[in-house]
Amino acid sequence: MSIDVTVVIPVYNEEEILEEALVELLTNLRQHQNSFEVIISANGCVDETEAIAERLAKSHSELRLHRCPEPDYGEALKQGIELAQGHFVICEEIDLCDDRFHRTALAMLNADTELAMVVGSKALPGARDHRPYFRRFATRVLNRMLRTATGWRGTDTHGLKAIRRQLMLPVVERCELRRDLFASELVIRAFHMGCRVVEYPIELSEKRPPSIGLMRRVPKVLSDMGKLAVTVRRNKD
């Protein structure tokens, strides 16, 4: 049987919120999707995350667990997209699971057959970002740096996305970075490859603090941003 929608969720040590978030997600999806799957792409977990997902998968046929051995968000997301069977793929975060975005983005993709990606933007006018000020400020600084470094003209790259898998697989294959900036490269490369990308303002309220501290990520992100600028400008079509 063909699957309409795949939701891919990279997770790292999420035992505290995983079960509640997944049960709510599955309940919401069943209300408006006849055919869907949810892929939990666990990457380098050392707590009970994988065990919880495995147990839930036994009682929820739409759920499956994929394991990545290393803690690498970008690789987990990339593999999840490649494994997806759905015509549309939603890239989600376990601390968000925004059903309003799911419904809106899927409606937009269904209405426009040339639309490749809908980006849930935290910075677009109309968005409501309830995260702490420092994290909101960091997002805006990062996006401004990405625009300057790569020539991209959007407002946000990291977080919720819905894609038409057939149109976006060539973009996924061209992406060279992993970890934090894979998601950004996916959006920026789609822009430079001429894919139709639309942003949609979201309301964001996280269920828990980030699993990896922002300051610990900064040096790697800055290093990868330089690599991203070079590879995108070198290979953009």
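### Let's talk about the packing of helix H3 (residues 73-83) against helix H7 (residues 182-192)
No. 1: Where H3 contacts H7, the axes come no closer than 8 Å and their chain directions differ by 55°. Comparing their axes, H7 and H3 come out oblique. Between H3, through Tyr73, Gly74, Leu77, Lys78 and Ile81, and H7, the contact on the second element is made entirely by Phe182, Ala183 and Leu186.
No. 2: Taken together, the residues that form the contact of H3 with H7 break down as six nonpolar, one polar and one charged.

### Considering the side chain of arginine 165
No. 1: Examined against the element boundaries, arginine 165 turns out to sit in helix H6 (residues 165-174).
No. 2: Within the buried set, arginine 165 has no salt-bridge partner at all; the shortest N-O distance to an opposite charge, 7.4 Å, is to glutamate 37.
No. 3: If sequence neighbours within four positions are ignored, arginine 165 has contacts with Ile81, Glu82, Ala84, Gly86, His87 and Val89.

### Section: helix H2 (residues 49-59)
No. 1: Residues of H2 that are buried: Thr49, Glu50, Ile52, Ala53 and Leu56. Across the axial projection of H2, the buried residues extend over an arc of 160°, all falling on one side. Seen from the buried face of H2, the exposed residues on the opposite side, beyond 90 degrees, are Lys58 and Ser59.
No. 2: For H2, the secondary structure elements touched by its buried residues are strand S1 (3-11), helix H1 (18-32), strand S2 (36-43) and strand S3 (63-68).

Conventions we followed
For every chain, the first residue of the written sequence is number 1, and numbering continues from 1 onward in sequence order. Whole-chain, interface and lining totals are the exception, using all residues; otherwise, since this is a predicted model, local features are given only for residues with pLDDT of at least 70 and side-chain atom pairs are given and counted only at 80 or more. Only hydrogens and water are removed before side-chain values are computed, so all heavy atoms of the structure are retained for them. The axes used here are C-alpha line fits, helices contributing only the stretch in contact, and every angle between their N-to-C directions lies in the interval 0 to 180 degrees. Secondary structure is summarised from DSSP: a helix means a run of H or I of at least four residues, a strand means a run of E of at least two, and numbering begins at the N terminus for each. Orientation labels follow simple angle bins: below 35 degrees gives roughly parallel, above 145 gives roughly antiparallel, 65 to 115 gives roughly perpendicular, and whatever is left gives oblique. Here a residue-residue contact requires only that any non-hydrogen atoms of the pair lie within 4.5 Å. Here the term charged refers only to Asp, Glu, Lys and Arg, the term nonpolar to Ala, Val, Leu, Ile, Met, Phe, Trp, Tyr, Cys and Pro, and the term polar to all other amino acids, Gly among them. Whether a residue is buried, partly exposed or exposed follows from its accessible area with a 1.4 Å probe, protein chains only, as a fraction of its type maximum: under 20%, in between, or over 50%, in that order. Here the positive residues are Lys and Arg and the negative ones are Asp and Glu; neither His nor the chain ends is included. The working definition used for a salt bridge is a side-chain nitrogen of Lys or Arg within 4 Å of a carboxyl oxygen of Asp or Glu. Here the arc refers to the directions that run from the helix axis out to each C-beta atom.

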